[in-house]
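Overview (structure and organization)
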Amino acid sequence: MANIHPSAVVEEGAQIASTAEIGPFCWVSSKAKIGENVKLLARVTVYGDTTIGEGTVVFPGACLGTGPQDHGNEFVEGAKVIIGKNNVIRENVTIHAGTPKEQKTTILGDDCMLMVNSHIAHDCVVGNHVIMTNNAVIGGHVRLGDGVILGGNSAVHQFCRIGRKAMIGGVSGVDRDVIPFGIVTGDRGKLRGLNRIGMMRSGMDEATVKSVTRAYMYIFKGKEDTLEISLEKAKEKFKDNELVMEQIKFIAEGLEGRRKIMTAE
């Protein structure tokens, strides 16, 4: 039987795993699903149809599954938040449920760390092993790839995509898509290069990192061609390089998307 503190409020119908722990003054809705070994330490609000995957730890003050800050869609029947396994969700984190615009669902992957006061807005999809540092916020419909790191006080505009293992510096505003492995800094974020250290730490050897760097220079630093022309040439030149082709596909999708690709300055 789950360990539920006497001061916690757990509505009838909530699905609580037998190994979960619900701490003092928590509130859990009737539609919530709390997995094995989940810990809600204290004063955690789990609202609506919110699923929390096994091994996730939620710190005091977090508010998960409340309605989006999207006028007219604050309370939508069937809106959901799905939180994966083994996440660390620190104090005062907020994750909002989805809207009808995106199947009513907001998703957080596995093994992420959301630090104090970070915020995931409605309809976002956040990958695995993502780190959002203190006060980092993402607007509605944002996509964060696996291994993304958002620096403290950074902000990502709605509908932006951040490719996997990209790194956003602290106090940076991002209003365009960021390529996989990119690194962005500046108050109005600019693409400064590649997250070479992050690539090496993830197991890529030096030769691989150098090959991706050469492709980056070819695509973004060529002076003669437009980005579109450079991209077409790169498709042939680097067709056997899986990581470069991942970047090229991401850029091509971005050229047709709502938020354009952030290019090198």
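What comes next is a walk through the structure. Worth saying up front: this structure is predicted, and the values here are computed from it rather than measured.

Concerning the packing of aromatic side chains
Each aromatic ring pair is described using two quantities: the centre-to-centre distance and the angle formed by the ring planes. Evaluated as defined, the whole model comprises three aromatic pairs. Taking 5.8 Å as the distance between ring centres and 75 degrees as the angle between the ring planes, the aromatic pair formed by Tyr218 and Phe238 counts as edge-to-face. In this pair, Tyr218 sits in helix α2 (residues 206-220) while Phe238 sits in the loop between α3 (227-237) and α4 (242-255), placing the two residues 20 residues apart along the sequence. When its relative accessible area of 30% is taken as the criterion, Tyr218 is described as partly exposed. The ring of Phe238 carries the charged tip of Lys237 above its face, separated from the ring centre by 5.8 Å.

Topic: the side chain of Asp49
Tracing the backbone shows Asp49 in strand β9 (residues 49-52). Engagement of the side chain of Asp49 in a polar contact is seen with the side chain of Lys33, the distance being 2.9 Å. Not counting the four nearest positions on each side in its chain, Asp49 is found in contact with Lys31, Lys33, Ala79, Lys80 and Val81.

Focus: the sheet that holds strand β18 (residues 125-126)
With respect to topology, eight strands assemble into an open sheet ordered β3-β6-β9-β12-β15-β18-β21-β24, the strand pairing being parallel. Two strands close off the open sheet at either side, each with one partner strand: β3 (15-16) and β24 (161-162).

A few points about the state of the cysteines
Per the counting criterion, the structure on display carries zero disulfides. For Cys112, which is in no disulfide, the shortest distance to another cysteine sulfur is to Cys124 and amounts to 13 Å. Counting only cysteine sulfurs, Cys160 is the nearest neighbor of Cys124, a cysteine outside any disulfide, at a range of 10 Å.

Some words on the pattern of salt bridges
Within the structure shown, the criterion is met by 14 salt bridges. In this structure, Glu91 engages Arg90 in a salt bridge whose closest nitrogen and oxygen atoms are separated by 2.9 Å. With a relative accessible area of 22%, Glu91 lands in the partly exposed category. Take Arg90: its relative accessible area is 25%, and that puts it in the partly exposed class. With its nearest N and O atoms 3.4 Å apart, the salt bridge here joins Arg188 to Asp175. Of the two residues, Arg188 is situated in the loop between β27 (182-185) and β28 (190-194) and Asp175 in the loop between β26 (173-174) and β27; the sequence distance between them amounts to 13 residues.

Some remarks on a nonpolar patch on the surface
Taken together, the side chains of Ile82, Ile107 and Val125 present a nonpolar region at the surface, about 190 Å² in accessible area. With respect to the element layout, Val125 can be found in strand β18. Classification of Val125 as partly exposed rests on a relative accessible area of 30%.

So, the packing of α2 against α3
Where α2 meets α3, the axes come as close as 8 Å, and the angle between the chain directions of the two elements is 145 degrees. Listed contacts from α3 to Tyr218, Ile219 and Phe220 of α2 are Leu227, Ser230, Leu231, Lys233, Ala234 and Lys237. Here the residues of the contact of α2 with α3 sort into six nonpolar, one polar and two charged.

What counts and what doesn't
- Numbers given to residues run from 1 along each chain, matching the order in which its sequence is written.
- Thresholds applied to this predicted model are a pLDDT of at least 70 for local features of residues and 80 or more for the giving and counting of side-chain atom pairs; totals over whole chains, interfaces and linings are not thresholded and use all residues.
- The basis for every side-chain value is the complete set of heavy atoms in the structure, and neither hydrogens nor water enter the calculation.
- Pairing of aromatic rings covers Phe, Tyr and the six-membered ring of Trp, with a centre-to-centre limit of 6.5 Å; geometry is then stacked below 30 degrees between planes, edge-to-face above 60, and tilted otherwise.
- Here a helix means four or more residues in a row that DSSP labels H or I, a strand means two or more in a row labelled E, and each is numbered from the N terminus.
- The buried label applies to any residue whose accessible area, calculated with a 1.4 Å probe on protein chains only, is under 20% of its type's maximum; exposed applies above 50%, and partly exposed to all values in between.
- Lysine NZ or arginine CZ positioned within 6 Å of the ring centre and within 35 degrees of the ring normal marks a charge as sitting over the ring.
- Nitrogen and oxygen atoms within 3.5 Å of one another constitute a polar contact, given that in protein one can donate a hydrogen and the other can accept it, and given that sequence-neighbouring residues count only through two side-chain atoms.
- Contacts are assigned to residue pairs with any non-hydrogen atoms lying within 4.5 Å of each other.
- Two strands are said to pair when DSSP picks up at least two bridges between them.
- Here, the term disulfide refers to a pair of cysteine sulfur atoms separated by no more than 2.5 Å.
- One side-chain nitrogen of Lys or Arg within 4 Å of one carboxyl oxygen of Asp or Glu is enough to make a salt bridge.
- Patches here are clusters of residues that have more than 30% relative accessible area and form no salt bridge, with a 9 Å joining cutoff for like charges and a 5 Å cutoff for nonpolar side chains (Val, Leu, Ile, Met, Phe, Trp, Tyr).
- Areas reported as accessible are Shrake-Rupley estimates using a 1.4 Å probe. Residue values count occlusion only from the protein chains shown.
- Axis definition: a line fitted to C-alpha atoms, limited for helices to the stretch in contact. Angles are taken between N-to-C directions and run from 0 to 180 degrees.
- Here the nonpolar group is Ala, Val, Leu, Ile, Met, Phe, Trp, Tyr, Cys and Pro; Asp, Glu, Lys and Arg are the charged ones; every other residue, Gly included, is treated as polar.

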